[in-house]
Amino acid sequence: KAGVTQTPRYLIKTRGQQVTLSCSPISGHRSVSWYQQTPGQGLQFLFEYFSETQRNKGNFPGRFSGRQFSNSRSEMNVSTLELGDSALYLCASTRGLAGSTDTQYFGPGTRLTVL
Amino acid sequence: KNQVEQSPQSLIILEGKNCTLQCNYTVSPFSNLRWYKQDTGRGPVSLTIMTFSENTKSNGRYTATLDADTKQSSLHITASQLSDSASYICVVSSMEYGNKLVFGAGTILRVKS
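Computed from a predicted structure; not experimentally measured. (Residues numbered from 1 in each chain as written. Chains lettered and ligands numbered in written order. Predicted model: local features only at pLDDT ≥ 70, side-chain atom pairs only at ≥ 80, totals over all residues. Heavy atoms only, no water.)

### Side note on the overall build of chain B
Now for step 1: Each helix and strand counted, chain B has one helix and eleven strands in total.
Now for step 2: Its C-alpha atoms give chain B a radius of gyration of 14 Å, within 12% of the compact-globule value 13 Å for 113 residues.
Now for step 3: Taking the principal axes of its C-alpha atoms as reference, chain B extends roughly 45 × 25 × 20 Å.
Now for step 4: In chain B, buried positions account for 46% of the 113 residues.
Now for step 5: Across chain B, the fraction of contacts at a sequence separation of at least 24, relative to all contacts at a separation of at least 6, is 56%. (Helix = DSSP H or I, 4+ residues; strand = E, 2+ residues; numbered from the N terminus. Rg over C-alpha atoms; globule rule 2.2 N^0.38 Å. Buried < 20%, exposed > 50% of the residue type's maximum accessible area, 1.4 Å probe, protein only. Contact = heavy atoms within 4.5 Å.)

What follows is the structure in structure tokens.
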């Protein structure tokens, strides 16, 4: 079966711009979680969506937002980009909630560079 | 405060040797613990998931152990291969806030020939 897909894979933006990242989960999976990964910080949890509802949110400013559609596809938006937003953004899908014993499958990530 | 700490931060071993990575956590109430392997530039891949009642779980050459009393877990890699070079991340799920995941910083393993 197809894995988790993320688009685009690479993105270059300038400070102040906004960006939208997309994630398509594995068919039948209802949970999509988003993470930011930087060399010095490791994986940082952004938010989790389950059946179109935000279930959990990490400690990120309001510039980071997301949503999930009825087909479980999810988008993440970052407004007013800052240099520190440069990172690998990963999404992961799970059949049940991300914290359950269901296996979590990660996508390849979107590499965002903010100049 | 819910935390997951991993040691060592990095490790270099010779191909064919065994190694053990450690994970200590203070997450409570505990739901489950998982280990992920992340190759450079790629998304993490789940290796094992263990609940409170499980104390050992294997996935090929990877064996994870869990001591819920001392809140410690280890990942043992047997007969290491060059392809085992990666970051290994310990993640604990808390029953609070809808089973929120708490991530460790990872151990970077390098296997050399």
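### Considerations on the environment of Thr80 of chain A
All names here are of chain A.
Now for step 1: Residue position: Thr80 is located in the loop between strand 8 (74–78) and strand 9 (87–94).
Now for step 2: According to the relative accessible area criterion, Thr80 is partly exposed, its value standing at 46%.
Now for step 3: It is 30 Å that separates the C-alpha atoms of Thr80 and Leu97, two residues lying 17 residues apart in sequence.
Now for step 4: With residues near it in sequence (within four places) discarded, Thr80 still touches Gly16, Gln17, Gln18, Arg63 and Asp85.

### Observations concerning the pattern of salt bridges
All names here are of chain A.
Now for step 1: A full pass over the atoms with the stated rule returns seven salt bridges over all chains.
Now for step 2: One salt bridge in this structure joins Glu82 and Arg63, with 3.6 Å as the shortest N-O distance. Of this pair, Glu82 sits in the loop between strand 8 and strand 9 while Arg63 sits in the loop between strand 6 (53–57) and strand 7 (64–68), and the two are 19 residues apart along the sequence. (Salt bridge = Lys/Arg side-chain N within 4 Å of Asp/Glu carboxyl O.)

### Points about the packing of aromatic side chains
Now for step 1: Under the criterion given, the structure shown has eight aromatic pairs over all chains.
Now for step 2: With 5.3 Å between their ring centres and 25 degrees between their planes, Tyr25 of chain B and Phe30 of chain B make a pair best called stacked. Exposure class is identical for Tyr25 of chain B and Phe30 of chain B. Each is buried.
Now for step 3: A centroid spacing of 6.1 Å and a plane angle of 45 degrees characterise the contact between Tyr62 of chain B and Tyr88 of chain B, whose relative ring orientation is tilted. Of the two residues, Tyr62 of chain B is situated in strand 7 (residues 62–67) and Tyr88 of chain B in strand 9 (residues 86–94); the sequence distance between them amounts to 26 residues.
Now for step 4: Residue classification places Tyr88 of chain B among the buried positions, given a relative accessible area of 0%.
Now for step 5: Joined through ring pairs, the aromatic side chains of Tyr35, Phe45 and Phe106 of chain A together with Tyr36 and Phe103 of chain B make up one cluster.
Now for step 6: Positioned above the aromatic ring of Tyr62 of chain B is the side chain of Arg61 of chain B, whose terminal nitrogen or guanidinium carbon lies 5.7 Å from the ring centre. (Phe/Tyr/Trp six-rings, centres within 6.5 Å; stacked < 30°, edge-to-face > 60°. Lys NZ or Arg CZ within 6 Å of the ring centre and 35° of its normal.)

### Some remarks on the interface of chain B and chain A
Now for step 1: With 19 residues of chain B at the contact, the number on the chain A side is 19 residues.
Now for step 2: Contact between chain B and chain A buries roughly 1,500 Å² in total, counting both sides, with carbon and sulfur atoms accounting for 55%.
Now for step 3: Its largest share of buried area at the contact with chain A, chain B owes to Pro44, Lys100 and Phe103 of chain B, together 29% of the area lost on that side.
Now for step 4: In this assembly, chain B and chain A are joined by zero salt bridges.
Now for step 5: Put simply, chain B and chain A have six residue pairs in polar contact (both at pLDDT 80 or more) between them.
Now for step 6: Those elements that place two or more of their residues in the side of chain B that touches chain A are strand 4 (30–38), strand 5 (45–51), strand 9, helix 1 (96–99) and strand 10 (100–103) of chain B.
Now for step 7: For the side of chain B that touches chain A, the element with the highest residue contribution is strand 4 of chain B, accounting for five residues.
Now for step 8: Considering only residue class, the side of chain B that touches chain A consists of seven nonpolar, ten polar and two charged. (Buried area = accessible area lost by both parts, 1.4 Å probe. Polar contact = N/O pair within 3.5 Å; in protein donor to acceptor, adjacent residues only side chain to side chain. Nonpolar A, V, L, I, M, F, W, Y, C, P; charged D, E, K, R; others polar.)

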